[in-house]
Amino acid sequence: MAVGVFDSGLGGLTVLEALARRLPEVPFVYLGDNAHAPYGVRDADEIFRLTCAGVERLWAEGCDLVVLACNTASAAALRRMQETWVPPDRRVLGVFVPLIEALTERRWGDNSPPREVAVKHVALFATPATVASRAFQRELAFRAIGVDVEAQPCGGVVDAIEQGDMVLAEALVRSHVEALLRRMPRPEAAVLGCTHYPLMAAVFADALGPGVRVFSQPEIVAESLADYLGRRPEFLGGGTASRFLTTGDPKTVGAKATLFLRRSVPFEAA
Ligand code: DGL
């Protein structure tokens, strides 16, 4: 009964940690496509192709349900995958919709018409591909009215994190937050719309200042998956062991992952 977790690289580990905490009895197989990270600068067709390849690899591990722990893949490829590619006995879920449901105070699958919600000004920080897809605004518009979204494409941040250059990552986060605050001086909520960004959550919060609620995606996604599996336990696949796979060099990726998570993460070649 394993569940697959896919990301372009290391960022999805922030989601995996929350999933494993929330569902300790479930084995998770993680696949980081480090050989092709970052996805955030690629076009939608490339992201679709790479994400499908990653998901197929996880299906081969006995994971009938795969979580795309990657906003870029969720925003640029998921809808097309679900509509044209995923067979009926498999599921691929994203990280985007649970976040928007939390922001708009909805339960999973609540498809009632859009309504007014408490937050009116939302700052979105994400990769250039996620921002360009406008998926966040689209999913939000299905659920809420009158919410003003200002999106900041945070070029360079994922690359710096993947390279382990946290000094550069911090400097870039501060400059992206400043750029956004010039256009939207007083957001009530900020969405870290990339699974790499929780690693920089303290820097985002500090740069945004007090009074901005920062939405943490990993916990929200974990709650949503627990809810889903409670209703659809048949999608717990046949796999039995937790594994960490990468398309990159397992030694290098494992060493970086160990730095981020502050525990040993034994990656194997995918
Ligand atoms: N961590 C991913 C996301 O949530 C991917 C970032 C990238 O590869 O550019 O968007």
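How each quantity is defined
- Residues numbered from 1 in each chain as written.
- Predicted model: local features only at pLDDT ≥ 70, side-chain atom pairs only at ≥ 80, totals over all residues.
- Heavy atoms only, no water.
- Phe/Tyr/Trp six-rings, centres within 6.5 Å; stacked < 30°, edge-to-face > 60°.
- Helix = DSSP H or I, 4+ residues; strand = E, 2+ residues; numbered from the N terminus.
- Buried < 20%, exposed > 50% of the residue type's maximum accessible area, 1.4 Å probe, protein only.
- Lys NZ or Arg CZ within 6 Å of the ring centre and 35° of its normal.
- Pairing = 2+ DSSP bridges.
- Axes fitted to C-alpha atoms, helices over the stretch in contact; angles between N-to-C directions.
- Contact = heavy atoms within 4.5 Å.

Draft legend 1. Representation of the packing of aromatic side chains in the model. For the structure shown, the criterion picks out 8 aromatic pairs. Relative to Y39, the ring of F6 lies with its centre 6.2 Å away and its plane at 45°, an arrangement referred to as tilted. With F6 in strand β1 (residues 3-7) and Y39 in the loop between β2 (28-32) and α2 (44-59), this residue pair connects regions lying 33 residues apart in the sequence. Accessibility assignment for this pair places F6 and Y39 in one class, buried. The interplanar angle of 55° and the centroid separation of 5.1 Å between the aromatic rings of F125 and F204 together place this pair among those described as tilted. Remark: F204 occurs in helix α10 (residues 201-208) and F125 occurs in strand β6 (residues 121-126); sequence separation between them is 79 residues. Just as F125 is buried, F204 falls in that class too. Cluster of aromatic residues (ring-pair linked, three or more members): Y30, F244 and F267. Note that R80 overlies the ring of F48, its terminal NZ or CZ placed 3.8 Å from the centroid.

Draft legend 2. Inspection of the sheet that holds strand β8 (residues 148-153) at higher detail. Taking strand neighbours across the sheet as the criterion, the 4 strands line up as β8-β6-β9-β10 in an open arrangement whose pairing is parallel. Single-partner strands in this sheet number two, and they are β8 and β10 (213-215). Strand-to-strand twist in this sheet, taken as the mean axis angle between neighbours without regard to direction, amounts to 20°. Relative to strand β9 (residues 189-192), β6 is paired through 4 bridges, and the arrangement is parallel. Within β9, the position partnered with V122 by the bridge is A189. Sitting on the sheet, helix α7 (residues 135-143) touches β6, β8 and β9, and the angle it makes with β8 is about 160°.

Draft legend 3. View of the environment of L58. Structurally, the position occupied by L58 is in helix α2. Take L58: its relative accessible area is 0%, and that puts it in the buried class. On a C-alpha basis, the gap between L58 and V158 in space is 23 Å, while along the polypeptide they are 100 residues apart. The residues contacting L58, other than those within four sequence positions of it, are G4, V5, F6, V29, L31, C63 and V66.

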